[in-house]
Amino acid sequence: MRRKTTQHALLYAGVVLTCAILVFPIYWLVVTALSEPSQLRQLPPSFWPAEPRWGVFGQIMAERPILLWLGNSALAAIGAVTISMIVSVLAGYSLSRFRVRGGQSLGLFILTAKMLPATLLVIPLFGIFRNLELIGSLWSIILAHATLIIPFTTWMLKGYFDTIPRELEQAAMVDGCSPLGALVRVILPVSAPGLAATALYGFVLSWSDYAYARTFLTNAQGNWTANLGITTMKGEYISNWSDISAASILVALPILAIYLFLERYLVGGLTAGAEK
Amino acid sequence: MAGIRIDSVTKSYGGLAVLKAFSLDIADGEFVVLVGPSGCGKSTMLKILAGLEEASSGKISIGDRDVTDLAPGDRDIAMVFQNYALYPHLTVARNMGFGLKMRGTDAGEIDRRVNEAAKILGIDHLLERRPRALSGGQRQRVALGRAIVREPQAFLMDEPLSNLDAKLRVHTRAEISALHKRLRVTTIYVTHDQTEAMTMADRIVIMKDGVIQQIAAPDVMFREPANLFVAGFIGSPGMNFLKAKAEAKGGGATAKLFGHDVTLPVANGGALAGKDIVVGLRPEHIAAGPGQVSFTVAPRLIESLGSEQYVYVDLPEEHRREASAGGDDETRRTSLIARLINPEPRPPEETLTLSFDPARLHVFDAASGEAIR
């Protein structure tokens, strides 16, 4: 009994410590955003500002085109996720269901693309987009993000489709569906949790990109994404970290909202393979 | 409804042949059961019939139509799967109506047919539920309902009872048979359970290693098995096999069994002289007490089921067949099982006199395994 209590205490201590490590940077971001810039470097640091600057969010939205940046980030993420999902649903389903010569090697080859660092692809992609006259266009980062998202989501969805019994699409085909019809009418609705988890992963990857946006969109201010826009708030000699933190919070909010909205699907999606 | 003709269908995966020249004619309205051990090719044949797998060669016709190269949806068949394969995101009603919707049937007609099938199966109160809210037996009925509403040329059933518990399986088995009598739709039913095959089939097709071993009505298959495999597979417990040598005697043939010269029930006994044979004796054809051929044994084990007893006896060494690689179960090879109906209770250590009627014996060629009559 006593041993069990000790085990529980250690477990809870571990959980609290892990949460503290994860949550502290977010907490400090909020403290920084709400503090006067002059208070940021004081020692000892203040763990909550005496007079929080709640007006900072309205102020920076008035000073900077944050909504435009958020809109551009959303367009880029939605575009990249849409393309990625179409490609990776078909690719993942094929890898899961069809046995073709070299299919397994092809699957692994797709995964190796994920192993390449994004920065390695920046220069060749820049060359390609310049030839296609896409530099400065949102299409450049939509396509670039898709190259990052597709390899991983293809494997994620392959894993999900593997857990769905083949008899489901066989039943649909006996009922009169074509193979593609069975995918659309039966397999995809059944895979909703997996699709939600995969789409969210792609969305976050696109939303948090900086390297591609910095490379392809620097000279097109109207197409700046949120991450690129925020970096322009950093001055050469003086940086207002409170404003930058406030802008960062605004940029993080949509992702947080989507996580909360999709949470019930995500739990199902990420554990679906565990039941077999 | 229509008959089905399967003509020399083969299926190979690379060098592995899983179906070898499978041919079968199924009459309109017939209930045919494909039975055999795991890996014998019965489910593969059913999937080829459904169009879910492609045959390596051969031809399949349903009614007058050659369907060999048609997509599953164009064959006008309905299939019931082992795990039911209900669409989890659709209600029972929409599951059942899905096939009709795919064929462009109008909504009113779909409703009418779904309601009618649901009434037949007693699931009309479940129509708005989703599959996850149903018990195993209810799901099974929905799967049957999905097949019925289509009014197809044939039903294909792939071990539809194997996920049910023993009691429900017996109940549903009877219901499927009753449903077949009512609808008279040609049905091909796959199972590895010989009891299902015996109780449901008009004809049984028994398979081993992709080859048909025998096609016959259940009673014929039980009484006149074509070979050792069929004799051992059909019946529960399976037939006892005793190694022996045939000898000619007075125009007939005899074999020494348990120390007695026993006349074998074969037509041309003279031709068997000196031949190695296997004698088959069904457990239920052995009686307690003296009879035409009697022998005394010390039972190794007695299992009592109340109304009957299974008596396990060690076979004398001279009657044991050689162990075959990956073949018979060792216990069956070295044991004789007697199934005694309404037996007297007896202590297991007591010796026991058993007997059999030689006319009930089955004789097989030891080399080929084929029955000799």
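Residues numbered from 1 in each chain as written. Chains lettered and ligands numbered in written order. Predicted model: local features only at pLDDT ≥ 70, side-chain atom pairs only at ≥ 80, totals over all residues.

Caption draft 1: Structural context of the overall build of chain B. Check the secondary structure of chain B and you find nine helices and 22 strands. The C-alpha extent of chain B, read off along each of the three principal axes, is 75 × 50 × 35 Å. Counting over 373 residues, chain B shows a buried share of 40%. Across chain B, contacts joining residues at least 24 apart in sequence account for 67% of those joining residues at least 6 apart. (Helix = DSSP H or I, 4+ residues; strand = E, 2+ residues; numbered from the N terminus. Buried ≥ 20, exposed ≤ 12 C-beta atoms within 10 Å, placed from the backbone. Contact = placed C-beta atoms within 7 Å.)

Caption draft 2: Focus on the pairing of strand S3 (residues 31–35) of chain B. Residues and elements named next belong to chain B. Counting buried positions over the five residues of S3 gives five, a clear majority of the element. With burial as the criterion, each face of S3 is covered, one bearing Phe31, Val33 and Val35 and the other bearing Val32 and Leu34. Pairing of S3 with strand S8 (residues 186–191), which is carried by five bridges, proceeds in the parallel orientation. The partner of leucine 34 across the bridge, within S8, is valine 190. Two elements, S3 and strand S9 (residues 203–208), share four bridges in a ladder whose sense is parallel. Within the sheet, the bridge partner assigned to valine 33 lies in S9 and is isoleucine 204. (Pairing = 2+ DSSP bridges.)

Caption draft 3: Structural context of the sheet that holds strand S1 (residues 4–13) of chain B. Residues and elements named next belong to chain B. Spatially, S2-S1-S4-S5 is the arrangement adopted by the four strands of the open sheet, whose pairing is antiparallel. With partners counted over all chains shown, the strands left at the sheet margins are strand S2 (16–26) and strand S5 (65–66), one partner each. Strand contacts of helix H1 (residues 42–50): S1, S2 and strand S4 (57–62), with the helix running at about 65° to S2, the strand carrying the most contacts. (Axes fitted to C-alpha atoms, helices over the stretch in contact; angles between N-to-C directions.)

Caption draft 4: A look at the pairing of S2(B). Residue and element names in this part refer to chain B. Pairing geometry for S1 and S2, over seven bridges, is antiparallel. Within the sheet, the bridge partner assigned to isoleucine 4 lies in S2 and is isoleucine 26. Counted along the chain from S1 to the antiparallel partner S2, the turn is two residues long, and its residue glycine 14 has a positive phi close to 60°.

Caption draft 5: View of the domain arrangement of chain A. Residue and element names in this part refer to chain A. Domains assigned within chain A are domain 1 (1–54) and domain 2 (63–275). Between the C-alpha centres of domain 1 and domain 2 there is a distance of 31 Å. With nine residues of domain 1 at the interface, the matching set in domain 2 holds seven residues. Its residues assigned to classes, the side of domain 1 that touches domain 2 shows five nonpolar, two polar and two charged. (Domains from an automatic or database assignment. Nonpolar A, V, L, I, M, F, W, Y, C, P; charged D, E, K, R; others polar.)

Caption draft 6: Structural context of the environment of Glu36(A). All names here are of chain A. By secondary structure assignment, the location of glutamate 36 is in the loop between helix H1 (2–34) and helix H2 (56–63). The spacing of glutamate 36 and valine 87 is 51 residues in sequence and 48 Å in space, taken between C-alpha atoms. Apart from the residues lying within four places of it in its own chain, the contact partners of glutamate 36 are Arg53 and Ser242.

Caption draft 7: Region of interest: helix H9 (residues 192–207) of chain A. Its 16 residues give H9(A) an end-to-end C-alpha distance of 22 Å, which sits within 8% of 22 Å, the value for a rise of 1.5 Å per residue. Buried within H9(A) we find Gly194(A), Leu195(A), Ala196(A), Ala197(A), Thr198(A), Ala199(A), Leu200(A), Gly202(A), Phe203(A), Ser206(A) and Trp207(A). (Expected span 1.5 Å × (residues − 1).)

Caption draft 8: Looking closely at the environment of Ala247(A). All names here are of chain A. In this fold, alanine 247 is placed in helix H12 (residues 241–271). Residue classification places alanine 247 among the buried positions, given that 24 C-beta atoms sit within 10 Å. It is 49 Å that separates the C-alpha atoms of alanine 247 and arginine 99, two residues lying 148 residues apart in sequence. Once residues within four sequence positions are removed from consideration, alanine 247 is found in contact with Ile60, Ile66, Ile230 and Met233.

Caption draft 9: Inspection of the interface of chain B and chain A at higher detail. If you look at the interface, chain B gives 17 residues, while chain A gives 13 residues. A per-class count over the side of chain B that touches chain A returns 12 nonpolar, four polar and one charged.

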